[in-house]
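So you can see what is in the structure, the chains are spelled out below.
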Amino acid sequence: MRGSLYGASLLTAAVLLATACSWRPSVPISETFNSMGTVARVTVGPQDRERLPQLTAEVHKEFSTLEDLLSTYQPDSEISRLAARAGQAPVRVSAETYRVLELARHYGELTDGAFDVTVAPLVRLWGVGLKPPDHVPSPDEIRTRLQLVDFRRIELNDGTAHLPAGMSVDLGGIGKGYAVDRAFDIAGRLQIDSAMVDLGGNIRTVGQAEPGVNWTIGVRNPFEREVIVGKLSLAAGMAVATSGNYERFVELGGRRYSHIIDPRTGYPVEGMAGVTVVAPDATMTDGLSTGLFVLGAAKGKELLRRVPSANALFIPDKSPIEIWITPGMKAVFVPLPEFSSSVRILN
Ligand code: FAD
Ligand code: MG
């Protein structure tokens with residue numbers, strides 16, 4: 001596994017501060033910490049400067065609690081225990097884990113199985129987030145693992161969860177978004193008017209950067225890490241997430257594979273460089289950006305007709321760059337002048 005996990009959040013901050021510094025004496029300020037294998041950044045507007053340490057401390061605590069429950073990297077997390085007891089007995093889980101599993105099932109249904117948290121055995125087979133395997137998985141190995149993938153077989157009953165034998169769950173595609181929504185709730189409880197929380201590129205705003213001015217973030221060019229293709233203007237409370245093949249990937253036999261697996265074929269997704277989703281909550285943007293990365297633009301735009309509150313921006317993996325946006329994205333996304341001729345509306 002190669003590649004930095006830090007780029008999205010750093011880029012976000014750079015864009016935000018550059019915008020703010022250019023004309024305001026009092027700028028938003030941020031604090032960062034590490035969580036869930038990536039960087040978390042909590043930013044507040046000038047009017048909430050004094051509250052930043054408290055907000056960051058409470059968000060950090062919440063992220064740590066959720067990481068201890070949801071991580072597949074921790075052998076004693078509830079999610080790891082669920083896999084250890086697969087085929088044996090239901091496991092009583094916390095309200096948080098239960099809720100995330102319900103939401104994972106919801107986004108599984110919404111995306112017709114393109115988003116599927118039971119893809120875990122294939123994620124491990126392809127070495128995502130771990131040491132890459134010593135060979136490209138064979139069709140037989142993939143077929144065997146595919147039999148263990150079906151989110152509909154997660155049994156959720158009255159506070160308990162159960163998986164059929166051999167199955168396991170990976171919340172890498174939804175857990176950070178869920179955590180960011182909990183951070184949003186904390187900001188609400190602390191009566192903070194102006195904030196933005198970013199966990200590894202999963203972002204949600206609280207209020208506006210300042211009265212009358214939306215928070216803005218940059219959309220990175222997946223082919224040139226330091227370049228942005230445009231900016232997103234996020235209305236109060238909106239969330240954004242990007243699923244890409246440029247920050248986290250697997251290198252095997254001289255080829256680079258995406259970390260997002262198509263649960264229908266068992267192979268890493270090809271053809272897509274990045275998908276950015278803007279929607280009213282961060283669980284939705286996390287789940288949908290991963291699902292739409294699998295589905296691609298043609299099927300993705302059909303799906304989004306059923307979710308009018310969400311909009312997407314697709315950058316296919318081809319040169320020269322093309323930026324495909326759903327119609328509602330026109331009001332949110334402002335391309336940089338040099339990329340405006342690359343934008344196409346998906347009708
Ligand atoms: P997303 O598109 O949001 O998610 C892609 C990830 O989802 C893949 O990496 C895979 O894990 C999974 N996935 C692949 N295909 C599918 C599919 N079709 N449907 C659903 N899911 C799919 N990383 C570390 O290196 N160390 C850690 O200690 C660590 N701890 C973590 C703890 C938690 C609770 C979570 C949620 C993640 C953790 N991570 C850790 C993972 C890390 O942050 C990942 O980079 C991240 O989850 C991938 O997110 P993304 O936003 O890049 O991509
Ligand atoms: Mg996701």
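Residues numbered from 1 in each chain as written. Chains lettered and ligands numbered in written order. Predicted model: local features only at pLDDT ≥ 70, side-chain atom pairs only at ≥ 80, totals over all residues. Heavy atoms only, no water.

> How should the coordination of the magnesium ion (ligand 2) be read in this particular structure?
Note on metal sites: the ideal angle is 109.5 degrees for four tetrahedral donors, and 90 or 180 degrees for six octahedral donors. Here the magnesium ion (ligand 2) is held by Gly173 (O), Asp286 (O), Asp286 (OD) and Thr290 (OG1), and the distances to it run 1.9 to 2.5 Å. In primary-sequence terms, the residues that donate to the magnesium ion (ligand 2) follow G-x112-D-x3-T. With Gly173 in the loop between β5 (160-162) and α7 (175-189) and Thr290 in helix α8 (residues 282-305), this pair connects stretches of sequence that are 117 residues apart. On the accessibility criterion, Gly173 (16% relative accessible area) is buried. Residue Thr290 is classed as buried on the basis of its relative accessible area, which comes to 13%. (Donors = N, O, S within 2.8 Å, 3.2 Å for Na, K, Ca; no water. Helix = DSSP H or I, 4+ residues; strand = E, 2+ residues; numbered from the N terminus. Buried < 20%, exposed > 50% of the residue type's maximum accessible area, 1.4 Å probe, protein only.)

> Whenever I open this one, helix α4 (residues 95-110) confuses me. Can you help?
Note on helix geometry: an α-helix contains 3.6 residues per turn, so any two residues three or four positions apart are oriented the same way. End to end, α4 covers 22 Å across 16 residues, agreeing with the expected 22 Å (1.5 Å per residue, within 8%). What α4 keeps buried is the set Thr97, Tyr98, Val100, Leu101, Leu103, Ala104, Tyr107, Gly108 and Leu110. Residue Asp112 follows α4 closely and has a positive phi angle near 55 degrees. (Expected span 1.5 Å × (residues − 1).)

> Is there a simple way to explain the site of ligand 1 in this structure?
Close to ligand 1 lie 28 residues, the nearest being Met36, Gly172, Ser243, Arg248 and Thr290. Note that a nitrogen atom of ligand 1 is positioned 2.8 Å from one of the backbone N or O atoms of Ile261. When isolated, ligand 1 has an accessible area of 960 Å², and the protein chains bury 90% of it. Among the elements of the structure, α2 (52-70), α7 and α8 are those that each provide at least two residues to the shell around ligand 1. Here the shell around ligand 1 takes three residues from α8, the largest share from any one element. (Near = heavy atom within 4 Å. Polar contact = N/O pair within 3.5 Å; in protein donor to acceptor, adjacent residues only side chain to side chain. Areas by Shrake-Rupley, 256 points an atom, 1.4 Å probe, with all protein chains shown as cover.)

> Can you help me understand the nonpolar core in this one?
Across soluble globular proteins, you tend to see nonpolar side chains buried next to one another. Core analysis: the largest hydrophobic core is formed by 70 residues, its most contacted members being Leu55, Phe63, Leu171, Leu288, Leu292 and Phe314. Per-element tally for this core: the top contributor is α8, with 10 residues. Once residues within four sequence positions are removed from consideration, Phe63 is found in contact with Phe33, Ser35, Met36, Ala40, Ala179, Val180, Ala183, Val197 and Leu199. Among the nonpolar cores identified, the runner-up in size contains 21 residues, and Ala209, Leu313, Ile325 and Phe339 belong to it. (Core = buried A, V, L, I, M, F, W, Y, C linked by side-chain atoms within 4.5 Å. Contact = heavy atoms within 4.5 Å.)

> Explain the side chain of Ser243 to me, please; I cannot follow it from the model alone.
For Ser243, the position within the fold is in strand β10 (residues 239-244). The buried category is assigned to Ser243, whose relative accessible area is 7%. A distance of 3.0 Å separates a polar atom in the side chain of Ser243 from a polar atom in the side chain of Ser289. Only 3.3 Å separates the side chain of Ser243 from the backbone nitrogen of Thr290, close enough to count as a polar contact. Not counting residues up to four positions away in its chain, the partners in contact with Ser243 are Ile260, Ala273, Gly274, Val275, Ser289, Thr290 and Phe293.

> Is there a simple way to explain the sheet that holds strand β15 (residues 323-325) in this structure?
Two pairing modes exist for strands in a sheet, parallel and antiparallel, and in both the strands are linked by backbone hydrogen bonds. Pairing is mixed across the open sheet formed by nine strands, whose spatial order is β1-β2-β6-β7-β10-β13-β14-β15-β17. Every other strand in the sheet has two partners, leaving β1 (29-35) and β17 (343-345) as the edge strands with one partner each. Each strand of the sheet is rotated relative to its neighbour by a mean of 15 degrees, with strand direction disregarded. Here six bridges tie strand β13 (residues 272-279) to strand β14 (residues 311-316), and the two strands are oriented antiparallel to one another. Looking at β14, one finds that Met272 is bridged to Pro316. Against the sheet, α2 touches β1, β2 (38-44) and β6 (195-199), its axis set at about 20 degrees to β1. (Pairing = 2+ DSSP bridges. Axes fitted to C-alpha atoms, helices over the stretch in contact; angles between N-to-C directions.)

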